[in-house]
Amino acid sequence: MRPVPYIDIHTHSTRFTKDTVTVQNIFPGEGFAPFSGRNFYSVGLHPWHISTEEENNEALQMVEEALEFDHVIFVGEAGLDKRSETNFAEQQRVFKAQAFMAEEYQYPLLIHCVKAYNEVFELRRKMQPAMPWILHSYSGGLEITEQLLKFKFLFSFGSLLFNQNAKVLETFKWLPLDKIFFETDELEEHVSVVYKRGAELRGLSADALREVVWKNFNRIERTLVDRT
Ligand SMILES: [Zn+2]
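Since the structure is predicted, the reported quantities are computational estimates derived from the model, not experimental observations.

(A) Just the sheet that holds strand β8 (residues 180–182), in detail. As summarised here, the arrangement of the eight strands in space is β1-β2-β3-β4-β5-β6-β7-β8, forming an open sheet in which the pairing is parallel. Of all the strands in the sheet, the pair left with one neighbour each is β1 (6–11) and β8. The mean angle between the axes of side-by-side strands here comes to 25°, regardless of whether they run parallel or antiparallel. Judged from the five bridges that link them, strand β2 (residues 20–26) and strand β3 (residues 39–43) form a sheet pairing that is parallel. Paired with asparagine 25 across the strands is serine 42, a residue of β3. Where helix α2 (residues 88–105) meets the sheet, it contacts β4 (72–81), β5 (109–114) and β6 (133–135), and its direction lies at approximately 155° from that of β4.

Here's what the structure looks like:
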């Protein structure tokens, strides 16, 4: 039996391999390839790219237009980044707009979050959206993760899993398996390398982990199917 595909839930790479379903991130206005069955996209206004209100509104409009393409499956990456130089109040306005957009059109939201888990948590708590919110390159410790779990957040892990000292290793080992995804983001590696590391940390085979993440992805897909 052929193993289920790997899922690379967040990547900036255009490399595709047959055994992998990718969700490549693009920014508003960027072009993307026709659908080949495995290449999905996320489109969003990144907190690093916040500019004037007027320009941001134009970019948000482009995000909305990109959602018309069937293989654009997430809004994102969108989010909050307190380490970025861009205006934080405007980051919040733009993030909120995309969170509402995701909810209105029924897309999962892929989130870039640096030093702002509390703000993202508060927004979800207040909004109570039905759509899944995925925190990419997740780095949170156990305490905040427990809070986030109560509000049904999902978590994607990448290069941080290779950092021996990262507090997120503890979180990763503790999380229920149905909440996790893997990503390469900026990594110049195939996502199988991250699966392998994840399997090691969880004491599972890489194949078992493939099954788990495949199911997790299909659970989000079902949300997408419900839209039609
Ligand atoms: Zn990214």
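(B) Representation of the packing of aromatic side chains. On inspection of all chains with the given rule, the structure shows 14 aromatic pairs. Ring geometry for phenylalanine 172 versus phenylalanine 182: centroids 5.9 Å apart, planes at 55°, classification tilted. Taken as a pair, phenylalanine 172 in helix α5 (residues 168–174) and phenylalanine 182 in strand β8 lie far apart in primary sequence, 10 residues in all. Residue classification places phenylalanine 182 among the buried residues on the basis of a relative accessible area of 0%.

Reading the values: rules and limits
- Residues numbered from 1 in each chain as written.
- Predicted model: local features only at pLDDT ≥ 70, side-chain atom pairs only at ≥ 80, totals over all residues.
- Heavy atoms only, no water.
- Pairing = 2+ DSSP bridges.
- Helix = DSSP H or I, 4+ residues; strand = E, 2+ residues; numbered from the N terminus.
- Axes fitted to C-alpha atoms, helices over the stretch in contact; angles between N-to-C directions.
- Contact = heavy atoms within 4.5 Å.
- Phe/Tyr/Trp six-rings, centres within 6.5 Å; stacked < 30°, edge-to-face > 60°.
- Buried < 20%, exposed > 50% of the residue type's maximum accessible area, 1.4 Å probe, protein only.

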